[in-house]
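Architecture at a glance
The lines below spell out each chain.
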Amino acid sequence: MEGSCRRYHVLLFCNVLIDDGRCRIRIIIRFGVYQIGCDVIVKNIRSRSGGVAGLEFSLINVRRDKRLNLNVEGKVRYIGLSEASPDTISRAHAVHPITAVQIEWSLWTRDIEEEVVPLCRELGIGIVPYSPLGRGFFGGKGVVENVPATSSLKVHPRFQAENMNKNKNIYDRIETLAKKHKATPAQLALAWVLQQGEDVVPIPGTTKIKNLDQNLGALAVKLSERDLREVSEAVPIDDVAGGIHYFGLEHFTWKFANTPQKDSRVST
């Protein structure tokens, strides 16, 4: 209707493999823009692997593809990375401003704090932690409720019986602290991630409304610097039993996610 407010349709792309090359990126964008008819693409390029052309080739062609005319149309607004190494983040940001990096971060998964977090802050890149509840552990999964037989967590190292028996002590400590803050363990764990900085936007996943409501309750949990330290100290990383990643998938993490350097033989 004339003069009415226009509804914008935003298409969020996740896990676009950069080693699929230029043609694959063009096909995905064409489908999103012209067939779905969206107004804005928030693009998240997965960086766990890279082909011969490498990272720079993919980013340059997202940015400069004249046949798509994406810059003129304003379709691609932001570009993000997932599970990216410090080297990959720096190289990508040199080609096109990176808006955010999606990566695992929780009370019991904190290996990004020494390298990735400082680099993102130096470059002004937001951090989007996935699995901020430790894959459901701080929500009670494996502790107060059984892990479903069909769940992939059945083969996760930290949820194996021998490790879970040790990890329950961590849950108990967080549960005790949560009572002090009049919160649930999940709310306290999520509040801890939320309050790591204004540039941190965690994405807890859930399929249940009650868990969504509980997650929203984490916004009301206010932690002082002393509180944050106390919560951190309640989960010494050396006390966590079991590896961070699924068996056999360790080499698909950010520590091994350096994409190939730009091939001088490939034209951009």
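It should be noted that the structure appears before, not after, this text.
The present account deals with the structure reproduced in this document. What you see is a predicted model; the values in this text were computed from it and never measured. (Residues numbered from 1 in each chain as written. Predicted model: local features only at pLDDT ≥ 70, side-chain atom pairs only at ≥ 80, totals over all residues. Heavy atoms only, no water.)

Here we take up the pairing of strand 4 (residues 100-104). With five of its five residues buried, strand 4 lies for the most part within the structure. With burial as the criterion, each face of strand 4 is covered, one bearing Ala100, Gln102 and Glu104 and the other bearing Val101 and Ile103. Summarising the sheet, strand 4 and strand 5 (residues 126-130) pair through five bridges and their orientation is parallel. Following the sheet pairing, Ile103 is matched in strand 5 by Pro129. (Buried < 20%, exposed > 50% of the residue type's maximum accessible area, 1.4 Å probe, protein only. Helix = DSSP H or I, 4+ residues; strand = E, 2+ residues; numbered from the N terminus. Pairing = 2+ DSSP bridges.)

Before going further, it helps to examine unusual backbone geometry. Even without glycine at this site, Ser131 takes up a positive phi of about 50°. Relative to the helices and strands, Ser131 resides in the loop between strand 5 and helix 6 (161-180). Accessibility expressed as a relative area gives 19% for Ser131, which makes it buried. In this structure, Lys182 is a non-glycine residue whose phi angle is positive, near 55°. With respect to the secondary-structure elements, Lys182 resides in the loop between helix 6 and helix 7 (185-194). On the basis of relative accessibility, which here comes to 81%, the residue Lys182 falls in the exposed class.

With respect to the helices and strands, the residue Arg158 is situated in the loop between strand 5 and helix 6. Despite being buried, Arg158 has no salt bridge partner; Glu104 is the closest side chain of opposite charge, sitting 5.9 Å away. A distance of 3.3 Å separates a polar atom in the side chain of Arg158 from a polar atom in the side chain of Thr109. Every residue in contact with Arg158, bar those within four places of it in the chain, is listed here: Trp108, Thr109, Asn163, Met164, Asn167, Val240, Ala241, Gly242, Gly243 and Ile244. (Lys, Arg positive; Asp, Glu negative; His and termini not counted. Salt bridge = Lys/Arg side-chain N within 4 Å of Asp/Glu carboxyl O. Polar contact = N/O pair within 3.5 Å; in protein donor to acceptor, adjacent residues only side chain to side chain. Contact = heavy atoms within 4.5 Å.)

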